[in-house]
Structures are given as structure tokens and as C-alpha cells.
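Here is what each chain is made of, one letter per residue.
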Protein chains: 2
Amino acid sequence: MAEGDDDVPLILTWDDTSSGLLEEDENGAGNYDVVNNVVIPTPGAPDPRAQNSLQQSWEMNYQEAAIYLQEGENNDKFFTHPRNAHALSAYLFAHNHLFYVMELLTAVLLMLLSLSEAPAVPFLRLDVYVHATLELLVLAMVGFELCMKLRWLGFHTFIRHKRTMVKTCVLFIQFIEAIVVLVRQTSHLRVTRALRPIFLVDCRYCGAVRRNLRQIFQSLPPFIDILLLLLFFMVIFAILGFCLFSANTADPYFSTLENSIVSLFVLLTTANFPDVMMPAYSKNRWSCIFFIVYLSIELYFIMNLLLAVVFDTFNGVEKMKFKSLLLHKRSAIEHAFQLLVSRQRPDGVCLKQFDGLMRFYRPRMTARDRFLTFKALNHSGATMLSLQDFYKFYEVIGLKWKARRSGEHWFDDLPRTAFLIFKGINLLVKSKAFQYAMYLVVAINGIWILVETNMLNDGVSWTRVVPWSYIIFLTIYGIEVLLKITGLGPLTYFSSGWNLFDFSVTVFAFLGLIALAFDMEPFYFIVVLRPFQLLRLFKIKQRYRNVLDTMFELFPRMASLGLTLIIFYYSFAIVGMEFFADVIYPNCCNTSTVADSYRQINQTIGNRTILEEGYYYLNNFNNILSSFVTLFELTVVNNWYITMEGVTSQTTHWSRLYFMTFYIVTMVVMTIIVAFILDAFVFRMNYSRKNREPLDDPEDKKGIVFETEVSQTEALQTLDLYKHTLGITNLSSLQDMCVALERSGHSSLVFVGRRSRTKSDLSMKMYEEEIQEWYEEYSRTNLQPDETFHRELDSPEASAINSIN
Amino acid sequence: MAEGDDDVPLILTWDDTSSGLLEEDENGAGNYDVVNNVVIPTPGAPDPRAQNSLQQSWEMNYQEAAIYLQEGENNDKFFTHPRNAHALSAYLFAHNHLFYVMELLTAVLLMLLSLSEAPAVPFLRLDVYVHATLELLVLAMVGFELCMKLRWLGFHTFIRHKRTMVKTCVLFIQFIEAIVVLVRQTSHLRVTRALRPIFLVDCRYCGAVRRNLRQIFQSLPPFIDILLLLLFFMVIFAILGFCLFSANTADPYFSTLENSIVSLFVLLTTANFPDVMMPAYSKNRWSCIFFIVYLSIELYFIMNLLLAVVFDTFNGVEKMKFKSLLLHKRSAIEHAFQLLVSRQRPDGVCLKQFDGLMRFYRPRMTARDRFLTFKALNHSGATMLSLQDFYKFYEVIGLKWKARRSGEHWFDDLPRTAFLIFKGINLLVKSKAFQYAMYLVVAINGIWILVETNMLNDGVSWTRVVPWSYIIFLTIYGIEVLLKITGLGPLTYFSSGWNLFDFSVTVFAFLGLIALAFDMEPFYFIVVLRPFQLLRLFKIKQRYRNVLDTMFELFPRMASLGLTLIIFYYSFAIVGMEFFADVIYPNCCNTSTVADSYRQINQTIGNRTILEEGYYYLNNFNNILSSFVTLFELTVVNNWYITMEGVTSQTTHWSRLYFMTFYIVTMVVMTIIVAFILDAFVFRMNYSRKNREPLDDPEDKKGIVFETEVSQTEALQTLDLYKHTLGITNLSSLQDMCVALERSGHSSLVFVGRRSRTKSDLSMKMYEEEIQEWYEEYSRTNLQPDETFHRELDSPEASAINSIN
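All residue numbers here refer to positions counted from 1 along the written sequence of the relevant chain. Each chain gets a letter, beginning with A, and each ligand a number, beginning with 1, in the order they are written. Selection of residues for local features in this predicted model requires a pLDDT of at least 70, selection of side-chain atom pairs for listing and counting requires 80 or more, and totals for whole chains, interfaces and linings are taken over all residues. Hydrogens are left out, water is left out, and the side-chain values use all remaining heavy atoms of the structure.

The name given to chain A in an unreviewed UniProt entry is Voltage-dependent calcium channel protein TPC1, with Onychostoma macrolepis as the source organism. Taken from UniProt, the Subunit (unreviewed entry) comment for chain A reads in full: "Dimer. Interacts with MTOR; the interaction is required for TPCN1 ATP sensitivity. Interacts with STX7, STX8 and STX12. Interacts with JPT2. Found in a complex with LSM12, TPCN1 and TPCN2." As stated in UniProt under Sequence similarities (unreviewed entry), the record for chain A gives "Belongs to the calcium channel alpha-1 subunit (TC 1.A.1.11) family. Two pore calcium channel subfamily." UniProt positions are given in the numbering used here, feature names are shortened, and annotations may be inferred rather than shown by experiment.

This is how it looks when you write it as C-alpha cells:
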């Protein structure tokens, strides 16, 4: 029997005597003394049932430890930690990808419903009873999800969890409304549909969006302060402008105080400049000073100040967020550690316990990887992990393990002739000459495309034969891709982002060729993607590589910011549709100053009929897709007042409030986006400066790399341990490792674990010194050494409350 | 005879035996041994002529030390240091405010000439021979200034000084051109006038502009890189857009590749959005994706990246600039120190030498202040300043000295009754209740103005009687100002920026009242400045005080950035005028797509004739003032393409190059301005965070404060020293001090020196640790201890060359 088989957990989980899982083993519990909440086996022969019960309580601990670690990873507060067996089953039900996907799908479905609800997108229109029934179904699903959450959290925690409470209220309202719609068979003014994104935001997968929203709200107070300053100057200048220019009857912009304020608000966005200045300017040339001063103060100073204030707040918020995440993870690790140590050896976690944990934490991980992860954590080389070792848990958990290859190339094991051929290709592909030749080809291709396109001045016809230049260049690219794949091996080739880019562009170009050859009109857009091939030229210069790498690193955050923006769009689109659907049409708004933009008339000049179009009637709120496009145009800001004035002239003056609010909201989000890009970029530059790390690390040095050496005896021992003691059957990965070890002929084999570097890794290095301070501060305030620590952990209630503070 | 009267300078200045000043004293030099370039008096009776000669050589040293310190302050390189007596006199001629003002005036005059040169501002038009003669005169002045510089620098240094060489070349060209104009009596295409701002930039007073320009040029390389990326994407999308949309004949924006590129360039500035999208969008709703993707990549990502890169570079450049300035100052101090120490005591500077230096460095400073400055430097309390003390020179030099008053208030010395009255006013004025009452009045006034203005919906008539509310509020403000001035004393009152603001607004309001009462039309603008009174409300909140304080701190830099922008404007205005003068007029540009904006027609609707105006013909390049306004409009960017297209349709396609270049140049400057505001603001926030200094220091704690205590005996000794030894006659300030000391009855008096805090002080504190490193590095590389140091200083040539490196 392996060492430590009789170990008893230091802490027992869900050990409430009323409904704990241990009760099922009541008979077997006779062999145990329950002292201080801890079960100790009484001396005597190892009773198999006692063994069994012990085993079971260990399993319970593994599971709870895994849950703690999961909570640490997901930044879930510990007060939502499941307290008893029922809660646990609900927790497990609500915490797997199937449930998450369901959550996401229901939320997305609910949002997509607005495509079919009146005012619907024409080809997606559904009858009222259909979409109302659908909505009820989806809401019922959400209700079911909430019930699971209630079961898991318990009523008290559920009430205290703000986000869930808001969700419940919204669900309730929507439910009632859906029933009303179903009963009345007609839709009423349903502005509350604007709240639907709340369900999406609450999804597990939308954590990044939640973080963005939190960040936006945290940046709001200083933002609002400066905004008030901005509006204050605006009002002052509006009064001034009214006093100065209202005497001029040719000037519609300052005729009343309201017009004056609206004109200056629009001027803040520059959308009506210089038109707003022109009537006054044509009367008196010096009146331009008013506008220059206004724009200098508002646009060039205060608006930039706004960015500065948000940037400054953003910086602080990012750091605080990192700190709290870090300390939360540390706390999670401590909780998990206490659950994994045994009464006999309370200072360390041995492989058996670690393996047990990992089976819950990462069910898909192979036995070999679990073992290697343990080895990677185990710095000291002792048989057990200390708490200090265990603190590194989150750093090693994402590693992908691979045995270090003895040879460099994938073709090392091939016969001699093949080897030489591939070696040749490899050398060719890696040579500078080849690279620059390819750059040259790409450049020539670029010029070719430019010249060719320039010569097609009479429009492009797609039905012509495929141009031969296209075929030639595509052949060259195709050969290059093939050479590279054979020379470097597919694995190495596809591990580089740039190669992936090359590959996909080339494949697309081939698809485009096929589309051309077979005359498939709808796919012609693939052909015009060709010029993107030219992006490869930017690999030449260091700075571009940095910029593009940063761009790819930023991409996930950018995407989540984009999603956040879309959520705002959705809410505004719903409100816009409820109030402004169908108010805009060709030749509407004749009473407004922007009537020209909405005009659509057939003018007859000579014997030709020309359709004179203002086109702006296309920017309407008639369905959700049009609304999105209209809102995007409002975001870009230029000429947004034409849409605003058009809608205003068809409805009331108060409509302006909608547009102005939208402008301010998008301004907040856009400022945050700018601040984010600034912060991320400056952070990266500082990082590489501070660590004197050249940003042009070769491909294979990037990311986080751990190495661990496994000797043959160790491997066999582990295999033995797994097979006989732990009773795990799926050991093929470990067996493979043993076989590989034997084959290699060496007594040991080095395994390399890799993962890509995350922002958190960078932050760890950037704030190295401060992190030490945080840890010290944390351990001072949270944990008095030893006894308090154990006492706290003994009572889950106390520890939960503690972790909230 | 006071101690140290026989001291001999360690180093003698301009001591070349051929033409040195000492030669004039050849007769008296008999009493000296010239050993190792140093004059030592031979033992014997103090010969008055030898005394005299010694005195003279000290004076020479004082002067040179003062010049070194001046060079340190102005960041002049030491290789321009005058080498001999002729150079010295030219240097002194070229380094005083009279000369600087002349330099500035000639440069400004030269630039203003373009107001009168064709195409001239109508009422300033001058005949060709008048303005050409004027130009020649001004250029002759510039030539004279350059000659003085040549005399001072010597031919070799002159040639090596790049800026001066450029100036010389430009002068030469302009001179020839002016003569040609005078001879031909007509102006030719004088694009070189765009180079005139070079003379302004070279002025001593425009140092800040030079620094800005340098910073802009230093930020250029990364900027250009990202710009290329931007343009690259633009071209790719232009090709795509051409392929996708050129088939649509209703779409003028993508009809040719050139149009396509121009449309996307304008779209980058958002100026033609959403119009550019509309024709395609009306054909196929999905085409909006093209524009959304383009704008997301270019506008929202790469443009922000541009800002990030510039911001990052800017940060680094600011720090390096500070470092080099600091080290340059330190080096200047070391040079000066070596000139002030005597052979007998080479480790310190005593009061006599320091006073001599200060008489040259700050001729206007009183004897008392020179003495107090010496005391402030003298930390150790010894009789002499060590080099360490002397390093603080630039920190104490700007201090304004005042005896610390024994009493708090200005009215302490008044009779009892008056004292009590003023004390009462003082308490009232300082009370919170009074302040908030005033805020309330201001707020009511604000609402009043708003309501009143809103009720004047039929325009404002200025000839009416003065509204009584205006008189009431003004009376309240007047009383407040009077109370504050009497309660706090005028000095204390006017030392606060906010009070100054209150005061000036109130005075303006009074002037406005008078203007109203006497019906003076042209001054009515003063009346409408009233609402600015409301700005006082922002004193209430901490953040606004910070923001507004930062605003005032930033103001000088902002002004210099504005000036830099104006210089760019000037050059572009000249080029614009040379090429596009008079091409724009009402109803021009009928061939372009923007013809509507240039239309001016009398339409008859019914029996009314309405002038329909497009007004854009006002945005022309017909004279320099119009050009400036047009360029400002181009800077604001909105609708800039209307001007561009108008000009293009009247000239050639190549005109677009001018507008696009202008856009890119202003983009650079604007990005720098944004980066500057960001940097300054974030710097200030970090500073106050790092030093845990509350940003709301009470008024009197702001700025840099030094204190020094002067005892009665010390004062009398100093007076004696000055009177008898140094033979300085203007000692009233010192005598006053002695009298004040006697009167006060105390044995000593504390003097307080104050100055406002500059960016350099903040930087000193921010980079505290790094500064130590810089100093160490500097002393390692530049100065080997003692002997090398002296050797270097012995030979001015070597030291000059050394300081260049």
C-alpha cells in the first residue's frame, strides 16, 4: 500500500451533521473519532468500509478544492461558494459548458427576437403570437436558470447578489409584458425590451463585457465632472452667441436660445462646422473669433482633458483590478490547499491529492499532464508541494506539455534521400534570400494590382476571363506555402500567426479563383480580398511587427469592448424603434433646415430624367438592422445632426434628448476605447523597456515556458502509483511516456510546457515590487499566522464572510 | 581691509597674451607673476595699480561666470561661449532684452508684411515699391543681427551652427527676391515667403516654439511609420471599394481609383460620412459592412495607435529633455564656480565674489536680495559656498524676498477702532457663510441670465435701458470685491488668481454698464461677457480646482504650441495664397460635386426675393486673414473636402496634395497637443499621488519657499562690507533692512523667499532617484576628479569641445 493511504483530510467538507454526504456512511463512521470537526480513524485493522468512507471524504475535498480554484480563476466571490450537498449539485449543474452555452443561447435568442418583432426586418417578420410565445419560452428558460442559481446560492445569498436580483426583476417585468402582448395580440410601447442585454451581460462567457461595464462605470464620476464643465462653457457661449448673432435674420443657428444651445452642442462634435459660422462670418469677418475661441476651449482643450482624466482613472482602475484578481486567486489557492493537506502532514500536498484535485479541476487532462504539472509546481524537489509551491498553481495550469524532441526537424527520421531533400527545402525556406524574394514578389503584385485597377477606369466587369497575372501570382504564393509547410513541418508552420495569415489569404485567393472560373457572382468579394496579401510587406520592419503583434494581443479585449458597444447600441436601437419607427421617409422633414438631405425627386433636365437623391431617409429606425447602421453613423458623428434634425422635425423637440444622450454615451465608450489602446500600448512599451527584452523575440521564445525532467524510474513509479493505488484506468498517456523513455535510450526525458503570455503575466512582471507589498499587506490583514488561519478555515461561514471583505 | 581682498582668481578669463584685456594694464602687471596662466601678486606693499588690475580681472571672471550661468539657464551650448574680448562685446550686445526685442520685432514685421503684399488685405494694401522697400529694410536689420552673431561666434562656430546657417541662406534668398520684386515692380510667385517664420523661430523669446518643433520632429519617425500603415490600408480599401462599387453609376465616390482613394482619405477624417456610403447602401444594404470595417480599422484602431505611439515617444522625449537641461545647468554651474573661487581658497565662493557675479547676472537685483540669495544658498552656515551649495543656484535665483511680517494683517498697525472694523470685515470675508452666500448669488445670477435670455426670443436689442437686475447683481459683486480688498489687504487679495479673475470680470462688467449707459455700440461685447462670472461656481468642487489650476499651469506651453501651429498656418497660408488666390468666388465650381455650397442666387418665391447662399466661397485664400480662417476650418476637418473639391475644380487635381499635406501636418501637431495635455495631466496626477500631497494646498503653501534668518550684527557687517570694501553705492535696500531690524526690536529677522513652482521643480521631485543616477553617470563620464577637471577648465577650447559631446 502506498505511503499516505491512511491520510485523513485536515478539514472535512460539507460536514454539517444534518445533511452531509458522510451520513450515508453512518455505519462505517464507527471506526472514526470526530474531533474538532475532523475525522480520525481509530487505531485498528483497516476496515474496508472505513477506507471507503475516507476515500469518499477525500473525493469531496478534491471537489471543493477544485471549486475554490475555479472560483479563483473566474473571480467569483467566495460567498457564493456552495454550502451543502444540494447546493453542490446545483452548483455543478450550473457550472459546466453545456449550461453556459444554454445561458448564452437563451440570451442571444431573446435579443434576436427583436429582428422579428414589429417593427421587424421585412423578411424576418413573425406574427405577434409566434414571437410572443417564443419570448415566453425563452424567458421560461431564463427562469429555470435562475432557479438553479437560487438552489445553489440559497435564498439569503441570492437576495444579496445584486446582479442576480436585477436580472430577476427584469425577468419578471418581461414575463408580464410578454403575457400582455400575447393576450392583446398587439405590441405596446415596449421600451423595457432595451433591458434585454442584461441577460447577455450576466452570461458566464460575457465576463469580459461585465468587466468593461464596471470599468466604464468606475470612470464615470470624473468623466461627468469634466462633462459638466464642458456643458457649462457650452451654455455660456450659447448665451453669448445668442446675444451676438440673433440680430442677424439670415442666421438660423442662433435665432433662439434653444437653437443656440443645440448649434453649439453640434459644434462640439464639429458636425456643423463651418456652416454654423458662415452667416455670421459673411456679415462680420471678426465673428470667426467667437467660433475659434469656442472650439479651442471646448474641442481642443476640455475634450482632451476628458481623455486625460479618463486615461488617468483607467490606469488606476486597471491596476486595482489586477491587484484584487491576484489576491482573490491567492486566497482561493489557500482555501484549496487547506482542503488538500492531511491531518498527518499539514504542510504539503502530495501527488495523490494533487491528482485527485486535477481530476475534478480539469477532467480532460491526461494522467501524464497531471503528473507533469505536479512536477512543474514542485520547485523544491520534495515529495510534497508546500503552500509556496502551490501559489504558482495558476501559472502552470494552462501549460501544454510536450517531450522535447531530440531532433530539430520533423523529417529527421526519414530515409537519407528524403531527409536531404527536405533539409534543402528547410534551408531554402529559412534563408533571407527566399524571404526577400517573396517580399519582392508581393511588392510587384501590389504595384501590379494598383496599375491594373487604375487602368480599369470604366468600372469592373466580373464576368471576364481570369487575368493571367492573377494565376501567376497565385501559383507563386501556392508554391511558397507548400515549400514552407514541407520545409518547416506543418506543426511549426502553423504555430506562427503570420504563416497562418499567409495560408488563409492564399486559400481564399484559390477559392476566389474557383469562384471566378465557375462564374459564381456572390463570391466575387473573395477575389477583391487579394490586396490583403500585401500586408505581409509589413513584416519587414520591426515597429510594424510590434504594432501588429500588439494589435493581435489587444484583439480579445477590443472584441469585448466592441460587444459592450453593441449592447449599448441594442438598447438605444430598441428605444429608437419604439419612438421613431417609420417617421423618416423620402421627402419628409420639409419643415426642417435639412430637408435637402431627405429629398428624392425625379428631375427632368433636357430629355433625361435624373433621380436626385438626398439618401438620408435611409438612416432610419424602421427595423433593428437599420437602427444599428443609423447608430453607427451617429457614432462616427459627422453629419449626425441631419438625422437628429430630420427626426426632430417629424416628432418633437424632445427627440433631441435621445440623440444627445446617445452622443454622450458613445463618447464615454469611445474615450474608454482610446484610453484602453493608449494604456495597453504604453504598458507594452514600458514592459519591454523595463525588462530590456527585445520585442522581436524569435517565435519560439515567446510565451511562458516551463521545463521539467522525468527520469525512467520516476516514470515507472508514478505509473505504478496511478495503476495500483489510485485505481485510475485511463493511463495510456503515462504508458506512452514510459515507452518513449525506454525508446529514447536516455535515463531521463525533458518535458517542455508552453502557453502564450497573457496580460496578467506582463502585469506580474511590471508590478513585481508592488506585488510583494500587496501580499504582505494581504497576509497582515487577512491571515494572522497559523491558528487564526486554521480557525477561520474551520468555519466555512467565517471564511466566506472574511473573503467578502 | 576685509578678509580675502588679496584673493587671486584661480583661472583668468580671456587671458590670451595677444589681445587679452589684461594687456591694457601692462604697466601694473609688473607686480605679478604669471604662473601657470594664473596671476599671483608678488609679495610687497599693495600697489594700488596692482590692486586695480586684480580687481579688474575679478570683474572679468564675474562677467564670464554670469555668462556661463546665463548659457545654462537658456540652454545655449557652451561651444558658442565667447572666446575673446571682441567676441565678448558682440556677445553682450546680442544678449540683452533690447536686442531680443529688436530681433522679435523684425521677425514679426517681416511676417506682417504679407498682410500688405498682394494678395493683400483690402484696407492694408501697399504699393509694390513700398512693401518691397520695407522688406529690404527689415532684411537688412536681420542681416545686421546675423553680423553681430558672426562677430560673437567667430567664423568657424558660425559655420557649424546649423540653425544660423539655414537662417543665413534663407536671408540671402529673400534678399535677392526682394530686390527682384523692387526692380520688376511686380510680385512673382514667391513661395519662399513661406520660409519667413524661420526668423521668428530663431528669436531668443521663441525658445519654447523651437523646443516644440524639435519635439515634433523627434516624434516624427514613429508617426510616419504608423501613417504608412494607415495609408496602406487606405489604398487596399480603395482598390476593394473600386472593385465593389464602381459598377454603380449613381456612386460618384468610387467611379475611378483616384476618386476611390480621395473618398477614403476624406472618410478617414469622417468628413464625408455617411454621404460616401449612401449610394452603395441604397443599392445593397450589406455594403455598409465595408465602411464599418474600414472606419473601425482606420479611425478607431490605427488613429488611436498613432496617438499611443506619439504619446509614448513624447513621454520619453520629455524625460530626456529634462535630463539634458539639468545636466547642462549643472555643467554651467561648475564652470561658473571655477571662475569664482580664488587660488587661496579653491573650495568655496565667498559673499564678495558671489555679489560680484550677481551684479552681472541680475543687474537689477538689490544688494539686500543678493545678500539673502547668498544666505539661502549657504546651507552649511560657513562663510563660503561649496560647490554642493552652489549646485542649488538655479533653484534660489528666482526667489522674491520679503521680511516675514510679525502681524498677520495689513491693518495691524491702525488705530483700535479701525482695526476692529477691518478685523470684522476680514473675519466676514473669510467665513464659509460669506463664500457660500456669494456662490448662491452667482448661481441665482446664472439662472436669471438664462431665463432672461430665453425670454428675449425675438433677438436682443442693445439700445434699451439697462435692466435693473444687471445693476443689482453688479452692485453685489462690487461690494464683494471692495469688502475682500479691504478685509484681506490688496496684496493678499491680488495674489490669488481666482480673486484676480473675479476682479477683472467685475471691472469689465462695470465698463459694460458704462458702455450701456452711454449707448456705445462697439463695446456691447463687454456686456455679454457677464456669464463668465458664473465660472466662479467651479471653485466649489476640488476636481474643478485641480483641472483649472492645471489649465493655468499648462497655459504657457499651450500658448507656445498654439504659436507653433500659427507658424505652420503662416507657411501654408503663403503657399495657398500664391496658388489659390482668387480662384474661389460665388457660383464658381459648377463642375464639381460640391457646387451647391458655393452657390449664391436670388430666388424669387412668390413676391419675396430670398438670397440663397452656400457661403463656402468665403473660405478662400484671397488674403492672409481669410487664409488663416480657411486653414482653421481645415484643421477642424469637418466639411474640409468642400473647400478642397472647390479649389480642385477651379485648378488641377494636384491641389488636393496641398490639402492632404495640410491635413497630415495638422494631424501631427494636434496629436502632439493631445499627447502633451495627456502627459501633463497624468504627470501632475502622478506627482500628487506619489508625494501624497493634497492638490488643494492653501494658497500660501503653494510654490517654492526658502527661509533665511538675518541677525542684526550680520546685517551691519554686511552693510559695512558692501559700503567700504566693495564700494557699492546703491545700498538703500540693505540700509532699509538694518533699520527694519532695529525697529522690530528683535535681534534677528526672518526673510522669506518665494517663487511659483515650475514644471522643472515637479520633474525634480518626480525623478528624484533617477536624477541621482544621472548625476553619477555624468560625473563618471565627464569629470575625472580634480586634475582632469582643472586641466579641462584651464583650456577653454577643450572644455568647449567637451561640453559639445
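Now that the structure has been shown, the text picks up again.
Draft legend 1. Broad picture of the relation of the copies chain A and chain B. Superposition of chain A onto chain B requires a rotation of 180° combined with a translation of 0.0 Å along the rotation axis, giving an RMSD of 0.1 Å. Such a combination of turn and shift is consistent with a two-fold rotation axis. Residues of chain A ranked by C-alpha distance from the rotation axis are headed by Asn638 of chain A, positioned 3.6 Å from it. Both copies share a contact surface, since 100% of the interface residues of chain A are interface residues in chain B too. What sets the superposition is a least-squares fit of C-alpha atoms, and only residues with pLDDT of at least 70 in both copies go into it. In what follows, residue pairs with any heavy atoms lying within 4.5 Å of each other are defined as contacts.

Draft legend 2. Inspection of unusual backbone geometry at higher detail. Going from Ala118 of chain A to Pro119 of chain A, the amide bond is cis rather than trans, its omega being -5°. Put simply, DSSP marks the helices as runs of H or I at least four residues long and the strands as runs of E at least two long, and each gets a number from the N terminus on. Residue position: Pro119 of chain A is located in the loop between helix H3 (97–112) and helix H4 (128–160). Between Phe273 of chain B and Pro274 of chain B the backbone carries a cis peptide bond, its omega angle lying at 0°. Counting through the fold element by element, Pro274 of chain B comes out in the loop between helix H8 (257–268) and helix H9 (278–283). Positive phi values are uncommon outside glycine, yet Asn75 of chain A reaches one of about 60°. By the element assignment, Asn75 of chain A lies in the loop between helix H1 (48–74) and helix H2 (85–94). Positive phi outside glycine occurs at Cys589 of chain A, with the angle close to 60°. Of note, Cys589 of chain A is situated in the loop between helix H21 (542–580) and strand E6 (600–605). For Cys589 of chain A, a relative accessible area of 1% translates into the label buried. Think of it in three bands: residues with accessible area under 20% of the maximum for their type are buried, residues over 50% are exposed, and the middle band is partly exposed, with areas taken using a 1.4 Å probe on protein chains only.

Draft legend 3. The domain arrangement of chain A, seen in detail. All names here are of chain A. Here the domain parsing of chain A yields domain 1 (210–312), domain 2 (341–398 + 702–780), domain 3 (416–540) and domain 4 (550–677). Spacing between the C-alpha centres of domain 1 and domain 4 amounts to 20 Å. Contacts between the two partners involve 20 residues from domain 1, matched on the other side by 23 residues from domain 4. Together, the buried faces of domain 1 and domain 4 total about 2,000 Å²; carbon and sulfur atoms form 78% of this surface. Here the quantity called buried area is the total loss of accessible area, with a 1.4 Å probe, experienced by two parts when brought into contact, counted for both. Three residues stand out in domain 1 for area buried against domain 4, namely Asn212, Ile216 and Phe265, and they jointly supply 27% of the buried area on that side. Salt bridges, as used here, are contacts in which a Lys or Arg side-chain nitrogen is within 4 Å of a carboxyl oxygen on Asp or Glu. In this structure, the connection of domain 1 to domain 4 is made through one salt bridge. A salt bridge links Glu258 to Arg656, with the nearest nitrogen and oxygen atoms 2.8 Å apart. Any pair of nitrogen or oxygen atoms within 3.5 Å is treated as a polar contact; in protein, a donor-acceptor pairing is required on top of that, and neighbouring residues in sequence qualify only through side-chain atoms on both sides. Our count for the contact surface shared by domain 1 and domain 4 stands at seven residue pairs in polar contact (both at pLDDT 80 or more). Breaking the side of domain 1 that touches domain 4 down by element, the ones donating at least two residues are helix H7 (207–245), helix H8 (257–268) and helix H10 (288–340). Among the elements that take part in the side of domain 1 that touches domain 4, H7 stands out by supplying eight residues, more than any other. Note: domain ranges come from an automatic or database domain assignment.

Draft legend 4. Broad picture of the interface of chain A and chain B. Residue-level contacts link 91 residues of chain A with 91 residues of chain B. Summed over both sides, the interface between chain A and chain B buries roughly 8,800 Å², with carbon and sulfur atoms accounting for 75% of that surface. Counting every contact that joins chain A to chain B gives zero salt bridges. Those elements giving two or more residues to the side of chain A that touches chain B turn out to be H7, helix H9 (278–283), H10, helix H16 (432–455), helix H20 (524–528), H21, helix H22 (624–636) and helix H24 (655–690) of chain A. Among the elements that make up the side of chain A that touches chain B, the one with the highest residue count is H7 of chain A (16 residues). In this classification, Asp, Glu, Lys and Arg are treated as charged, Ala, Val, Leu, Ile, Met, Phe, Trp, Tyr, Cys and Pro as nonpolar, and every other residue, Gly included, as polar. Across the side of chain A that touches chain B, the residue classes break down as 67 nonpolar, 16 polar and eight charged.

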